[in-house]
Amino acid sequence: MLPFREIAIEDKGAIEEKFNLEPARMTERCFTDAFIWRCRYRTLFAIQGDFLFMLSMGEEAEVLTYLFPLGKGDRRLALDAIAQDAAQRGKPYRILACSPEQKAEVEALLPGRYAFTEDRDNFDYIYTSESLATLKGKKLHSKRNFINRFLQQYEGRWRYEVLDPAKHQEEIMKFHHLWCERHGEPKADTTVYEHCAVWQALEHYEALGMRGGVLYVDGAMAAFTMGSPSSCDTLTVQIEKALADLPGCYPMINREFIAHSGMDCTYVNREEDMGIEGLRKAKLSYYPVELTVKYRMEPLA
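Given the structure is predicted, the values throughout are model-derived calculations rather than measurements.

Cut-offs and rules
Residues numbered from 1 in each chain as written. Predicted model: local features only at pLDDT ≥ 70, side-chain atom pairs only at ≥ 80, totals over all residues. Heavy atoms only, no water. Helix = DSSP H or I, 4+ residues; strand = E, 2+ residues; numbered from the N terminus. Rg over C-alpha atoms; globule rule 2.2 N^0.38 Å. Buried < 20%, exposed > 50% of the residue type's maximum accessible area, 1.4 Å probe, protein only. Contact = heavy atoms within 4.5 Å. Areas by Shrake-Rupley, 256 points an atom, 1.4 Å probe, with all protein chains shown as cover. Lys, Arg positive; Asp, Glu negative; His and termini not counted. Charge placed at Lys NZ, Arg CZ, Asp CG, Glu CD. Pairing = 2+ DSSP bridges. Axes fitted to C-alpha atoms, helices over the stretch in contact; angles between N-to-C directions. Core = buried A, V, L, I, M, F, W, Y, C linked by side-chain atoms within 4.5 Å. Disulfide = S-S within 2.5 Å. Phe/Tyr/Trp six-rings, centres within 6.5 Å; stacked < 30°, edge-to-face > 60°. Lys NZ or Arg CZ within 6 Å of the ring centre and 35° of its normal.

A. Structural context of the overall build of the protein. Helices and strands together make up the secondary structure of the protein, namely 12 helices and 15 strands. Here the C-alpha atoms of the protein give a radius of gyration of 20 Å, agreeing with the 19 Å that 2.2 N^0.38 yields for 301 residues. Taking the principal axes of its C-alpha atoms as reference, the protein extends roughly 65 × 40 × 35 Å. The buried share of the protein, reckoned over its 301 residues, is 49%. Of the contacts formed within the protein by residues at least 6 apart in sequence, a portion of 71% connects residues at least 24 apart. Accessible surface for the protein amounts to roughly 14,300 Å². Of this, 51% is attributable to carbon and sulfur atoms. Charge centroids of the protein, computed over 38 positive and 46 negative side chains, lie 4 Å from each other.

And the structure:
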């Protein structure tokens, strides 16, 4: 079997070195996402030879889920290693987060070995930082209206602060507990994993290179967000929570965060919509400049 083990914060450098060999604006190639959600997806990693392998054992116990192997060696050997690992574990497998370029490479190297399916629910939404911070143009007129109504309704009653874990951690955890009660999934385990991801991001804030912001209305926390750079030109937003009963909080925290902490990055990755209709509509309403196409690979034999 491949020498898989759990991800630790100390593995950031080694894993990112492999990510950077094949950079992409893709959630699956951001160490922060792998680290803070490792408990939810039971994510393991292995570096063998020239390649990074990642395995998720938390989504469907009957099917092993690997990420596309990243490296600069012989891709055929890397894919054979995954097939052998799955066979030794005695379960079927699939491979996620295959880019169009990697799909073409595999089809040329191993024709007819895999079936490829567009994984639309996991396409990442990519925007320019300038568009999110300024909301300029006719297409974003409705977003500016949300902001203006918020500013009028809460004039002199709101403030934005750059997130400081030493100052905000306890308050954020209490707020997130409240948010989960009002808006979160009804399943208890989902709430626990969400809470764990937020805590992990705050606990390892500096080591992960996190950035964040907090929005207050009438002196009480109304929203918070956190993200981290995931490539030389992209800021990935991992977490964003706001009170839905305060209209305009989501557009405000989004705009303020990028304006304060994201302008040194050309692009912002606001991640996937997971096939949730309302979330897809909301992400499309900001008019992304790119949807990061990903393929799911399944062996044909």
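B. Structural context of the sheet that holds strand β11 (residues 220-231). Taken together, the seven strands give an open sheet; going across it, the order is β9-β10-β11-β12-β13-β8-β14, and neighbouring strands pair in mixed fashion. Every interior strand has two partners, whereas the edge strands, β9 (158-162) and β14 (290-292), have only one. Between one strand axis and the next, the sheet turns by 25° as a mean value, whatever way the strands run. Note: β11 against strand β12 (residues 234-242), eight bridges, orientation antiparallel. Considered in β12, the bridge of glycine 227 is made with valine 237.

C. Structural view of the nonpolar core. Counting 57 residues, the largest nonpolar core has Phe53, Tyr66, Ile95, Tyr114, Met226 and Met297 as the members making the most contacts within it. With near-sequence residues (within four places) excluded, isoleucine 95 lies in contact with Tyr66, Leu67, Phe68, Leu79, Ile82, Tyr114, Tyr295, Arg296 and Met297. Membership of the second largest hydrophobic core comes to 25 residues, among which are Tyr127, Ala133, Phe150 and Ile258.

D. View of the state of the cysteines. A complete count under the given rule lists zero disulfides for this structure. Take cysteine 180: it sits in no disulfide, and the sulfur closest to it among the cysteines is that of cysteine 196, at 12 Å.

E. Inspection of the environment of alanine 34 at higher detail. Within the secondary structure layout, alanine 34 lies in helix α2 (residues 31-36). Between the C-alpha atoms of alanine 34 and isoleucine 7, which are 27 residues apart in sequence, the distance is 8.0 Å. Dropping the residues within four chain positions of it, alanine 34 is found in contact with Ile7 and Met54.

F. Representation of the environment of glutamate 272. Along the chain, the position of glutamate 272 falls in the loop between β13 (267-269) and α12 (277-284). Look at glutamate 272 and you get buried, because its relative accessible area is 17%.

G. Inspection of the packing of aromatic side chains at higher detail. Across all of its chains, the model carries eight aromatic pairs by this definition. Geometrically, the ring pair formed by tyrosine 127 and tyrosine 286 is edge-to-face, given 6.4 Å between the ring centres and 85° between the ring planes. You can see tyrosine 127 sitting in strand β8 (residues 124-128) and its partner tyrosine 286 sitting in the loop between α12 and β14, a full 159 residues away along the chain. A relative accessible area of 9% means that tyrosine 286 is categorised as buried. Ring plane angle 80° and centroid distance 5.9 Å describe the contact between phenylalanine 175 and phenylalanine 224, whose orientation is recorded as edge-to-face. Taken together, the residues phenylalanine 175 in helix α8 (residues 165-183) and phenylalanine 224 in strand β11 connect sequence positions 49 residues apart. Of the two residues examined, phenylalanine 175 and phenylalanine 224, each falls in the buried class. Lysine 103 extends its terminal NZ or CZ atom over the ring of tyrosine 295, reaching a point 5.3 Å from the ring centre. The ring of tyrosine 216 carries arginine 159 above its face, with NZ or CZ at 4.0 Å from the centroid.

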